[in-house]
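# Descriptive analysis of the structure
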Amino acid sequence: MKKSNFRMNGKALALILAVVLVVGGVVGGTLAWLTAESDTVTNTFTLGDIDIDLDETTGSNYTMIPGNTIGKNPKVTVTAGSEDCWLFVEVVESAGLSHFLSYAIEDGANGWTKLKDGVYYREVSKSEQNQEFYVLKGNQVTVNENVEKTDMNESQYTYPPTLTFKAYAVQKANVATAQAAWDKIAG
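Described in the following lines is the structure provided in the data block. (Residues numbered from 1 in each chain as written. Predicted model: local features only at pLDDT ≥ 70, side-chain atom pairs only at ≥ 80, totals over all residues. Heavy atoms only, no water.)

### Concerning the sheet that holds strand β6 (residues 113-116)
Spelled out, the test is: Between any two strands, at least two bridges found by DSSP are needed for them to pair. Put simply, DSSP H or I for four residues or longer makes a helix, DSSP E for two residues or longer makes a strand, and each gets a number counted from the N terminus. Helix axes use the C-alpha atoms of the stretch in contact, all axes being lines fitted to C-alpha atoms, and the angles between their N-to-C directions lie in the range 0 to 180 degrees.
In space, the four strands of this open sheet follow the order β6-β7-β4-β10, with antiparallel pairing throughout. The open sheet has two free edges, formed respectively by β6 and β10 (163-171), since each of these has just one partner strand. Recorded for the sheet is a direction-independent mean angle of 30° between the axes of neighbouring strands. When strand β4 (residues 85-93) meets β10, the two strands line up antiparallel, connected through nine bridges. Counterpart to Val 91 in the pairing with β10 is Phe 165.

This is the structure:
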């Protein structure tokens, strides 16, 4: 008899354990933690850029004839997608150039503003298209009527005279004035 009690008790014990496991699973399942997960947000940082080009299609060597107008079209291009910038053009004259030639810088509402002798600037806003800015008013220089062959030998003048252009750009963000921008170039 003892054997059958044990068998019965073993079956009862197995049944009780099975019931405990089922009840534990149901109770444990109802006590599960509430969880959630968001979508991923990725931040990518790229460097802003300013690209400029200075070119001229009329050449670089000219014959001076008193009173003649010579076509010259130096042009600064701010490339599409460039950030807002301060755009500068520096104009350097050889000694005595004004004795030989006269010219004017494109100015006014759509032109350049003089910062100091030989340095002109403008503010350029970001655009998805190239922006072109001519430097000389009328894209020309004029040979003075009083130029003579003997002027070429005088020591007070550099001969042949030269007129040189160079362009610069500085980001406009966090640079409040044209002078502050120029200081970053010249400094």
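From this point, the discussion proceeds with the structure in view.
### Topic: the side chain of Ser 94
Cut-off, in case you're wondering: Here a polar contact means two N or O atoms within 3.5 Å. Within protein one must be a hydrogen donor candidate and the other an acceptor candidate, and residues neighboring in sequence count only if both atoms are side-chain atoms.
Here Ser 94 is to be found in the loop between β4 and α2 (97-100). In this structure the side chain of Ser 94 is engaged in a polar contact, spanning 2.8 Å, whose partner is the backbone nitrogen of Thr 162.

### Considering the environment of Glu 83
The condition is simple: When accessible area is computed with a 1.4 Å probe and restricted to protein chains, residues below 20% of their type maximum are described as buried, those above 50% as exposed, and intermediate ones as partly exposed. Two residues qualify as a contact provided that any one of their heavy atoms is within 4.5 Å of a heavy atom in the partner residue.
Mapped onto the fold, Glu 83 is located in the loop between β3 (75-78) and β4. You can call Glu 83 partly exposed: its relative accessible area is 30%. Setting aside residues up to four positions removed in sequence, Glu 83 forms contacts with Gly 48, Asp 49, Ile 50, Val 124 and Lys 126.

### A word on the sheet that holds strand β9 (residues 140-143)
Pairing is antiparallel across the open sheet formed by three strands, whose spatial order is β2-β9-β5. Of all the strands in the sheet, the pair left with one neighbour each is β2 (69-71) and β5 (101-102).

### Quick notes on the nonpolar core
Under the convention used in this document: Here, the term nonpolar core denotes a set of buried Ala, Val, Leu, Ile, Met, Phe, Trp, Tyr and Cys residues that are joined through side-chain atoms within 4.5 Å.
Core analysis: the biggest nonpolar cluster contains 24 residues, and Leu 87, Val 91, Ile 105, Trp 112 and Val 135 have the highest contact counts within it. At the level of elements, β3, β4, α2, β7 (119-124), β9 and β10 are the ones that each hand at least two residues to this core. Top contributing element to this core by residue count: β4, with four residues. Not counting residues within four places of it along the chain, the set of residues in contact with Val 135 comprises Pro 74, Val 76, Val 89, Val 91, Ala 104, Ile 105, Glu 106, Trp 112 and Phe 165. With ten residues, the next largest nonpolar core counts Phe 88, Tyr 121, Val 175 and Ala 181 among its residues.

### Some points on the pattern of salt bridges
Note the cut-off: Think of a salt bridge as a Lys or Arg side-chain nitrogen and an Asp or Glu carboxyl oxygen that are within 4 Å of each other.
Scanning the model with the defined rule gives six salt bridges in all. For Lys 72, the salt bridge identified is with Glu 56, shortest N-O distance 2.7 Å. Residue Lys 72 is located in the loop between β2 and β3, and its partner Glu 56 is located in the loop between β1 (52-55) and β2; the two are separated by 16 residues in the primary sequence. Here Lys 72 falls in the buried class, since its relative accessible area comes to 7%.

### Quick word on the packing of aromatic side chains
Each aromatic ring pair is summarised here by two numbers: the centre-to-centre distance and the angle between the ring planes. Rule in force here: Stacked, tilted and edge-to-face pairs are distinguished by plane angle, under 30 degrees for stacked and over 60 for edge-to-face with tilted covering the rest, among Phe, Tyr and Trp rings (Trp via its six-membered ring) whose centres lie within 6.5 Å. Whether a charge sits over a ring depends on NZ of Lys or CZ of Arg being within 6 Å of the ring centre and within 35 degrees of the ring normal.
Under the counting rule described, the total for this entry stands at six aromatic pairs. Joined through ring pairs, the aromatic side chains of Trp 86, Phe 88, Tyr 121, Tyr 168 and Trp 182 make up one cluster. The ring centre of Trp 112 lies 4.9 Å from the NZ or CZ of Arg 122, which sits over that ring. Geometry around Trp 86 places Lys 172 over its ring, the cationic atom sitting 5.1 Å from the centre.

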